[in-house]
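Given next are the chains, with one letter for each unit.
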Amino acid sequence: MSAKLSTCFFSHGFISLNHNSNNKNNVVCYKKHVNPRLLFVPSRRLLPASCKMRRRNLSSQNMRPQGNKPPSDQIPESAKLQPNSDEESEPENSVPNSEDMEHIVQHETTYEDDVNTRVDVEHINEQNLGTVSVSAIETNRDVEHTDGQNLDSLTLPAVTKALAINRDGGEQVSGVQLEDLIGMIKNAERNILLLNQARVHALEDLHKILSEKESLQGEINILEMRLAEADARIKVASQEKIHVELLEDQLEKLRNELIHRGGSGKSELQLCENQNKISKEEALLARDGHVHSLSKEVDSLRTENLALKYDIQALKSMLSNFKGTNERMVTLENERSFLESALKELESKLSVYQQDSSNISTLKVECKDLWAKVENLQLLLDKATKQADQAISVLQQNHDLRKKVDKLEESLRDANVFKLSSEKMQQYNELMQQKMKLLEERLQKSDQEILSYVQLYQESVKEFQETLDSLKEESKKRALDEPVDDMPWEFWSCLLLTIDGWVLEKKISSSDAKLLKEFVWKRDRRIRDAYMACKEKNEHEVISKFLCLTSSQASPGLYVIHIAAEMAPVAKVGGLGDVVTGLAKALQKKGHLVEIVLPKYDCMQYDSIRDLRALDVTIESYFDGKLFQNKVWVGTVEGLPVYFIEPHHPNKFFWRGQYYGEHDDFKRFSFFSRAALELLLQAGKKPDIIHCHDWQTAFVAPLYWDLYAPKGLNSARICFTCHNFEYQGSASASELASCGLDVQQLNRPDRMQDNSANDRVNPVKGAIVFSNIVTTVSPTYAEEVRTAEGGRGLHSTLNFHSKKFMGILNGIDTDAWNPATDTFLKVQYSANDLQGKAENKAAMRRHLGLSSADDQRPLVGSITRLVPQKGVHLIRHAIYRALEMGGQFVLLGSSPVAHIQKEFEASDMFIIPSIFEPCGLTQMIAMRYGSVPIARKTGGLNDSVFDVDDDTIPHQFQNGFTFTTPDEQGVNTALERAFNLYKNDKASWQRLVQKDMNIDFSWDSSASQYEELYAKSVARARAAASRT
């Protein structure tokens, strides 16, 4: 008979397991380090012979050659299983007697109807111990759920018993009887029950210990009460003793006076008084005797008190054994040792009934491991069920392949009949492999040809598109160059006379007049359009518009320099860095020359800078009454030329490990602003526009007009953009002198003096006053900051300079934020194919451990800084409300990684309940990725999110859900409407998602508005210069 299950289960698969049952440390180590999954991992060599499929002989006289397998899969036929102690083992390849042979044949016929598929037992890779290999799979029988506490109901998978066919046609049968396996499992169950009884006894002892602990605690409480009473009595007795000692001192004094006065012949009256005193003293002495007895009692109480204290200390020491964490661990260790002793007793009892000591230790390990197996049986059965389903699906897919294998087996049998040699079969196999290789090579060649055709097609499409674009541009140029015939000659004559009048009145220069006359002579469409656009405007605006034509004719574009503290992705803290990069790239695409000047921070993302190098030149700039040198670095970021200024200042202004938040930020950025202008001056640059951003570079405006325009840097107009009026950088007026500005001249109400304090200066106010163009990041926010509530103290200044102040909505980089090409997404998708978004949503749920039982549950997302401006209390309320309505919520408070697209692509809705929001980019990015925004109507949110239920808004602009009041009721209303549309009208929701993804939030429109502002400002400056 074959070896029993105990040997099969535990002869392989453990890690550093010592079978010595007396070594407690090894048992503890085994419990800590052995994964319960390993107990169910079978090995190829553990399986009995009955669990293997019959082996096909590769000789020319028998079966077809077996497929190539790794050496680890081959099991030597001489391998034997370890015998059990109570039965004699038989070799695996021994020949059974006739009765056993008949019994096995009966079982073979019984199982033959149930087993539909025979597969070889696959070798389990030791590096993938979590996978369970199934020896035989029944395709027509479901895997039954097995309760972990009822081992009698376990049903073993059907085991195919194969027969090895020898040359003489005889069959050898080796295997383990099903009844033997069930008997072994029942024996293991009995041992587990014994272990459970031992654990129950251990728990009862633990309860006894706890009850004794409670009784000891009660005794300690009683003794503490007695101790308190004794202390009180001691205090009273000590007070009485002190009083008695005072009386004794007085009595002693009286006695001394009597002795001293005894021989002096005092009067009887004095004697009577002395007698009275003596009688009183005797009474006191009698009382003293009582006090003496009290003192004895006090002493006895003290001794009793000391005894009680000792007892309490002893009891407290006993109690501390239960209170301390370390003593508790000792107690637990004692309990564990007690359990181990109980296990040893069980081992001694088992040794009486077992003969072989090695098999007994193995059986003990089996009992321990079987308990863990029973606890994890449900999980393992579920995994096995899934794997069985997968295997069934694979078997179904390979059904045709099995038919072919059966045909090959029939052909092999025919070959055996006709005694064909195995060499021919091998040659045939090699020939088939060669054919397969040829087919694979042909397939690869065809794939390459198809790829080349696709590339050629793409190139042809690209060439066609370029040709089409060039034709369009040529047609536009021709349209511009062709003379306009729809206007009478009187119109052009009038224009010529008007231009001549402007020249005589010295309103324009003769060179500009010459260019304008050429436009008139050619009957150019542009001058006609400019005149028609300015027909109702005053003469000054008409001249500015005409001079724009001359500037565009003279140069291809404007020269714009941005001076900023941030630029994405090299130095990004908030939205400022995105705006600087996005606007600069959009202007560059429109044909303008754009440069950027930044501080050289030590914490920049240097890997995002290409061709970074230091120039062989130093720029000296004034600060705090001295000249400091600055090293200049150049490089390209996102295709833009960037200058980095590294100050050689002892305070190391930009080597602090962070961008903002230092105590001397006012000095740091005022130094940088002057150094940047010094760079432009010494480099001989003549920009048309100098664009500065936020309070960090707001110093550029007053520095330019007060110090650098007189030095020759006078070609530029200053544009200032404030991205958030909450941050104004105000400081003491005395600090303004460090960068060389005149404090007395600038600390005035109409210049840089802060509107809330006369002794402070406000850089943002100074930039508003001294700039030619002032912008903010959205039209609605521009209206809000002109009110007392939203202006943060600058509303009066903004209203005074309202003619040069406007709001332009920011854009986003649609090339970087594109779900169709985003490599950080698991699956790319587009508005026309939203299947990838659903797959990304499922992947996000799995990654975060969210329930995926209902795929249709809406997922709400939020990415924001957790500051009061962003409405943190409303986000918290939205989380609970979304969960109440059956949704899920994902919040990202801050992210050290720039690539946070996963939350955009996974969420169905995106909530932005800001108290105020200058512009906001997350709502645009969310819509780009198909996440419908839920936003409060404020600032840039009001300019980019329009409610789907607002009939006053055209249907093509409705793209989200909005609410007005920043309270919980407003959030509830918008959130409930979004959930209702998502759950009840899937078609409308999908159309809304597709509409949001197709909205153009690129920088093209915003850059055009900035371009128009730049051109008008430059034209006005040139007109003013021509008049002077």
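First things first, this report covers the structure right here in the doc.

Thresholds applied
Residues numbered from 1 in each chain as written. Predicted model: local features only at pLDDT ≥ 70, side-chain atom pairs only at ≥ 80, totals over all residues. Heavy atoms only, no water. Helix = DSSP H or I, 4+ residues; strand = E, 2+ residues; numbered from the N terminus. Buried < 20%, exposed > 50% of the residue type's maximum accessible area, 1.4 Å probe, protein only. Contact = heavy atoms within 4.5 Å. Areas by Shrake-Rupley, 256 points an atom, 1.4 Å probe, with all protein chains shown as cover. Expected span 1.5 Å × (residues − 1). Pairing = 2+ DSSP bridges. Axes fitted to C-alpha atoms, helices over the stretch in contact; angles between N-to-C directions. Arc of directions from axis to C-beta. Parallel < 35°, antiparallel > 145°, perpendicular 65-115°, else oblique. Left-handed = near helix turned anticlockwise from the far one by under 90°. Nonpolar A, V, L, I, M, F, W, Y, C, P; charged D, E, K, R; others polar. Core = buried A, V, L, I, M, F, W, Y, C linked by side-chain atoms within 4.5 Å. Domains from an automatic or database assignment. Polar contact = N/O pair within 3.5 Å; in protein donor to acceptor, adjacent residues only side chain to side chain.

### Points about the overall build of the protein
No. 1: The number of helices and strands found in the protein is 29 helices and 18 strands.
No. 2: A burial count over the protein gives 40% of its 1028 residues as buried.
No. 3: Across the protein, the fraction of contacts at a sequence separation of at least 24, relative to all contacts at a separation of at least 6, is 72%.
No. 4: Working note: accessible area of the protein is about 57800 Å², and carbon and sulfur atoms make up 52% of it.

### With respect to helix H27 (residues 968–984)
No. 1: With 17 residues, H27 extends 24 Å between its outermost C-alpha atoms, agreeing within 8% with the 24 Å of an ideal straight helix rising 1.5 Å per residue.
No. 2: Three or more residues of H27 are buried, namely Gly970, Val971, Asn972, Ala974, Leu975, Ala978, Phe979, Leu981 and Tyr982.

### Some remarks on the sheet that holds strand S4 (residues 593–599)
No. 1: Spatial strand order, S5-S6-S7-S4-S3-S8-S9-S12-S13: nine strands in an open sheet with mixed pairing. Single-partner strands in this sheet number two, and they are strand S5 (610–623) and strand S13 (805–807). Mean inter-strand twist for the sheet, computed between neighbouring axes without regard to direction, equals 25 degrees.
No. 2: Summarising the sheet, strand S9 (residues 717–722) and strand S12 (residues 773–776) pair through four bridges and their orientation is parallel. Looking across to S12, one finds that Cys722 is bridged to Thr776.
No. 3: Sitting on the sheet, helix H16 (residues 665–682) is in contact with strand S3 (559–563), S4, S5, strand S6 (626–637), strand S7 (640–647) and strand S8 (689–693), with an inclination near 105 degrees to S5.

### Side note on helix H23 (residues 872–884)
No. 1: Taking 1.5 Å of rise per residue, the 13 residues of H23 would be expected to cover 18 Å, and the 19 Å separating its terminal C-alpha atoms lies within 8% of that figure.
No. 2: When we look at burial in H23, the residues that qualify are Leu874, Ile875, His877, Ala878 and Ala882. Projected down its long axis, H23 shows its buried positions confined to an angular sector of 160 degrees, all on one face. Every exposed residue of H23 that faces more than 90 degrees away from the buried side is listed here: Arg876 and Glu884.
No. 3: Against strand S14 (859–863), strand S15 (888–892), strand S16 (909–912) and H27 lie the buried residues of H23.
No. 4: At the exit of H23 stands Gly886, carrying a positive phi of roughly 90 degrees.

### Examining the packing of H16 against helix H17 (residues 700–708)
No. 1: As a packed pair, H16 and H17 sit with axes 10 Å apart at the nearest point and diverge in direction by 50 degrees. Classified by the angle between their axes, H16 and H17 sit oblique to one another. H17 is crossed by H16, and the crossing has right-handed handedness. Here Ser673, Arg674, Leu677, Glu678 and Leu681 of H16 come into contact with H17, specifically with Val700, Leu703, Tyr704, Leu707 and Tyr708.
No. 2: Of the residues that constitute the contact of H16 with H17, the class distribution is seven nonpolar, one polar and two charged.

### Observations regarding the nonpolar core
No. 1: Residues Ile563, Leu677, Phe725, Phe961 and Tyr1014 are the most contacted members of the largest nonpolar core, which totals 142 residues.
No. 2: The element that contributes the greatest number of residues to this core is H16, accounting for nine residues.
No. 3: Taken together, domain 3 (559–807) and domain 4 (834–1000) each give at least three residues to this core, which thus spans both.
No. 4: Judged by nonpolar contacts, the second largest core, of 21 residues, contains Leu495, Ile508, Ile527 and Leu547.

### What about the sheet that holds S14?
No. 1: Taking strand neighbours across the sheet as the criterion, the five strands line up as S15-S14-S16-S17-S18 in an open arrangement whose pairing is parallel. With partners counted over all chains shown, the strands left at the sheet margins are S15 and strand S18 (961–963), one partner each. Averaged over neighbouring strand pairs, the angle between their axes works out to 20 degrees when direction is ignored.
No. 2: One ladder, built from four bridges, connects S16 with strand S17 (residues 932–936); its direction is parallel. Its bridge partner lying in S17, Phe910 is registered against Pro933.
No. 3: Sheet contacts for H23: S14, S15 and S16; angle to S15, the most-contacted strand, approximately 155 degrees.
No. 4: Here H27 sits on the sheet in contact with S14, S16, S17 and S18, set at roughly 165 degrees to S18.

### Here we look at the side chain of Glu662
No. 1: Its place among the elements puts Glu662 in the loop between S7 and H16.
No. 2: Residue classification places Glu662 among the buried positions, given a relative accessible area of 19%.
No. 3: With residues up to four places along the chain from it excluded, the contact list for Glu662 reads Arg656 and Arg668.

### A word on the environment of Arg991
No. 1: Along the chain, the position of Arg991 falls in helix H28 (residues 986–998).
No. 2: C-alpha separation for the pair Arg991 and Ala831, spaced 160 residues apart in sequence, amounts to 9.4 Å.
No. 3: Reaching out from Arg991, the side chain makes a polar contact with the side chain of Ser988 at a distance of 3.0 Å.

### Remarks on the environment of Asp742
No. 1: For Asp742, the position within the fold is in the loop between strand S10 (731–732) and helix H18 (743–746).
No. 2: We classify Asp742 as partly exposed; its relative accessible area is 41%.
No. 3: Distance from Asp742 to Asp706, taken between C-alpha atoms, is 8.9 Å for residues 36 residues apart in sequence.
No. 4: From its side chain, Asp742 meets the backbone nitrogen of Gln744 in a polar contact 3.1 Å long.

### Considerations on the environment of Ala698
No. 1: Mapped onto the secondary structure, Ala698 falls in the loop between S8 and H17.
No. 2: Sequence separation between Ala698 and Gly729 is 31 residues, and the spatial gap between their C-alpha atoms is 9.5 Å.
No. 3: For Ala698, the residues in contact, after removing those within four places along its chain, are Phe720, Pro763, Val764 and Ala767.

### Considerations on the pairing of S5
No. 1: With nine bridges connecting them, S5 and S6 associate as antiparallel partners. Residue Ser621 lies in a different strand from S6, and its bridge partner there is Phe628.
No. 2: Here S5 folds back onto S6, and the loop between the two strands holds two residues, one of which, Asp624, carries a positive phi near 55 degrees.

### What to know about unusual backbone geometry
No. 1: Omega for the peptide link from Ala568 to Pro569 comes to 0 degrees, which places this bond in the cis form.
No. 2: Within the secondary structure layout, Pro569 lies in the loop between S3 and helix H15 (575–589).
No. 3: Although it is not a glycine, Asp611 sits at a positive phi angle of roughly 60 degrees.
No. 4: The topology assignment puts Asp611 in strand S5.
No. 5: The residue Asp694 is not glycine, and still its phi comes out positive at about 60 degrees.
No. 6: Its place among the elements puts Asp694 in the loop between S8 and H17.

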